[in-house]
Amino acid sequence: MGVSAKIRSDRQARAEVLVAALSKRQLQVLQFLVDGLSSKEMARAMGTSYRTVEIHRNVLFGKLGVRSSLAAASVGAYAGLGVCEYLADCEPLPATDLV
């Protein structure tokens, strides 16, 4: 295994552990971040307020140990969350395309 493959494997394992510890709502917010939704779009999709989404995002960032949406989405992608994974009629991307 090459150095880059080893780093990718370590990141994937760490990401999977972090994502496994999330609540159902936090996982939903993370999925939306992977899909590139804004907080306002998440609020509409979740049927909640913008402020509630911001609270979920802040708690999520703390649990993942990140400071930005991009970093959180990266953790989600390493954990195997694919774009459109939550939609029944959407074909998710293979995890290798997200790395």
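Residues numbered from 1 in each chain as written. Predicted model: local features only at pLDDT ≥ 70, side-chain atom pairs only at ≥ 80, totals over all residues. Heavy atoms only, no water.

A. Structural context of the packing of helix α2 (residues 24-34) against helix α3 (residues 39-46). Contact geometry of α2 with α3 gives a least axis separation of 10 Å together with a crossing angle of 130 degrees. As summarised for this structure, α2 and α3 are arranged oblique, according to the angle between their axes. In terms of crossing hand, the pair formed by α2 and α3 is right-handed. Residues Arg25, Gln28, Val29, Phe32 and Leu33 of α2 touch α3, and the partners they reach there are Met42, Ala45 and Met46. In terms of residue class, the contact of α2 with α3 is made up of 6 nonpolar, 1 polar and 1 charged. (Axes fitted to C-alpha atoms, helices over the stretch in contact; angles between N-to-C directions. Helix = DSSP H or I, 4+ residues; strand = E, 2+ residues; numbered from the N terminus. Parallel < 35°, antiparallel > 145°, perpendicular 65-115°, else oblique. Left-handed = near helix turned anticlockwise from the far one by under 90°. Contact = heavy atoms within 4.5 Å. Nonpolar A, V, L, I, M, F, W, Y, C, P; charged D, E, K, R; others polar.)

B. Structural detail: α3. For α3, every residue scored as buried is listed here: Ser39, Met42, Ala43 and Met46. What you see down the axis of α3 is that its buried residues fit within an arc of 100 degrees, all on one side. The outward face of α3, more than 90 degrees from its buried face, is lined by the exposed residues Lys40 and Arg44. Against the buried residues of α3 lie α2 and α4 (50-64). Gly47 sits one or two positions beyond α3 and adopts a positive phi of about 70 degrees. (Buried < 20%, exposed > 50% of the residue type's maximum accessible area, 1.4 Å probe, protein only. Arc of directions from axis to C-beta.)

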